[in-house]
Amino acid sequence: MKRSKFVVLIIFLVGLNACSSISQQSVYAQMGGQQKIEQVVDNFINEIEFDPVIFEYFKDSDVDRFKEKFIEHLCNLTGGPCEYSGDTMVQVHTGMNMSEADFNRGVDLLINAMTKAQIPHTVQNKVLAILATKRNEMLYI
Ligand code: HEM
């Protein structure tokens, strides 16, 4: 093999390896770790405050508790090094009788929060796929 072809092959293989090692990282790490998760949750709370429909659900909530538990939950679900110490999704959301439309609206706010934290869309999709598994624990209960 000519030397130039060999060099191209090596560059290709190194690149391929870098890609595969990124996808082997936890979604938590792909998001950018704890600091990014905290930024996303801060942005999410800000989004909630400016959305009259979703804010209605939170108007009597303890924001500091929500922030702490949501950070833990997101960290834990995405494979980060956190224990979740809050209540179950069923316990927390029971009595809200949350419609599918409002749930989707809440998820849109989370998407805005991730976009503002510069989380790449490919990684956002992985976060949303994880959260989608919890959907039935929150709707119409
Ligand atoms: C992606 C989906 C969601 C996840 C993973 C999620 C997760 C959580 C977590 C971890 C908490 C804190 C639990 C605790 O205090 O022990 C919480 C609280 C809460 N969630 Fe959700 N949530 C989601 C969607 C929503 C949506 C769409 C709404 C409203 C439309 C909502 C309304 C609330 C409210 C009002 C609280 C505070 C309850 C309280 O003050 O006691 N959640 N949620």
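Here, the structure is the one placed above.
Rules used throughout
- Residues numbered from 1 in each chain as written.
- Predicted model: local features only at pLDDT ≥ 70, side-chain atom pairs only at ≥ 80, totals over all residues.
- Heavy atoms only, no water.
- Donors = N, O, S within 2.8 Å, 3.2 Å for Na, K, Ca; no water.
- Helix = DSSP H or I, 4+ residues; strand = E, 2+ residues; numbered from the N terminus.
- Expected span 1.5 Å × (residues − 1).
- Buried < 20%, exposed > 50% of the residue type's maximum accessible area, 1.4 Å probe, protein only.
- Contact = heavy atoms within 4.5 Å.
- Polar contact = N/O pair within 3.5 Å; in protein donor to acceptor, adjacent residues only side chain to side chain.
- Core = buried A, V, L, I, M, F, W, Y, C linked by side-chain atoms within 4.5 Å.
- Near = heavy atom within 4 Å.
- Nonpolar A, V, L, I, M, F, W, Y, C, P; charged D, E, K, R; others polar.
- Phe/Tyr/Trp six-rings, centres within 6.5 Å; stacked < 30°, edge-to-face > 60°.

Caption draft 1: The coordination of the iron atom of the ligand, seen in detail. Protein coordination of the iron atom of the ligand is limited to a single donor, His93 (NE2), which sits 2.1 Å from the metal. As for its position among the elements, His93 is in helix α6 (residues 89-93).

Caption draft 2: Here's a closer look at helix α3 (residues 33-49). Spanning 17 residues, α3 covers 25 Å between terminal C-alpha atoms, matching the ideal 24 Å at 1.5 Å per step. Here α3 has its buried residues at Gly33, Ile37, Val40, Val41, Asn43, Phe44, Ile45, Glu47 and Ile48. On its buried face, α3 is in contact with α2 (27-31), α4 (52-58), α5 (63-77) and α7 (100-116).

Caption draft 3: Fine view of the side chain of Thr78. Note that Thr78 resides in the loop between α5 and α6. Of the polar contacts made by the side chain of Thr78, one reaches the backbone oxygen of Cys75; its length is 3.2 Å. Non-local contacts of Thr78, meaning those with residues more than four positions away in its chain, are made with Ser26, Val27, Tyr28, Met31, Ile37 and Ile130.

Caption draft 4: Representation of the nonpolar core in the model. If you look at the biggest cluster of nonpolar residues, it comprises 26 residues, and the most contacted ones within it are Met31, Ile37, Val40, Phe44, Leu74 and Met114. Secondary-structure elements contributing two or more residues to this core are α2, α3, α5, α7 and α8 (121-132). The biggest single contributor to this core is α3, with 6 residues. In this structure, Phe44 is in contact with Phe66, Phe70, Gly106, Leu109, Leu110 and Ala113, ignoring residues within four places of it in sequence.

Caption draft 5: Region of the structure containing the site of the ligand. Neighbouring residues of the ligand: 22 residues in total, closest Tyr57, Ser61, Arg65, Asp87 and His93. At 2.8 Å from an oxygen atom of the ligand is found a side-chain nitrogen or oxygen belonging to Ser61. Between the ligand and His93 there is a distance of 3.0 Å, counted from a nitrogen atom to a side-chain nitrogen or oxygen. At the level of elements, α4, α5, α6 and α7 are the ones that each hand at least two residues to the shell around the ligand. The element that contributes the greatest number of residues to the shell around the ligand is α5, accounting for 5 residues. Split into classes, the residues belonging to the shell around the ligand amount to 13 nonpolar, 5 polar and 4 charged.

Caption draft 6: Geometry of the packing of aromatic side chains. Throughout the structure, instances matching the rule amount to 4 aromatic pairs. Both rings, one in Phe44 and one in Phe66, keep their centres 6.3 Å apart while their planes meet at 40°; by these two values the pair is tilted. Pair noted here: Phe44 is in helix α3 and Phe66 is in helix α5, with a separation of 22 residues, a long-range link. With centroids separated by 5.2 Å and ring planes inclined at 40°, the aromatic side chains of Phe66 and Phe70 adopt a geometry described as tilted. Separated by 4 residues within a single helix, Phe66 and Phe70 lie in helix α5, roughly one turn from each other. Aromatic rings pair up to connect Phe44, Phe58, Phe66 and Phe70 into one cluster.

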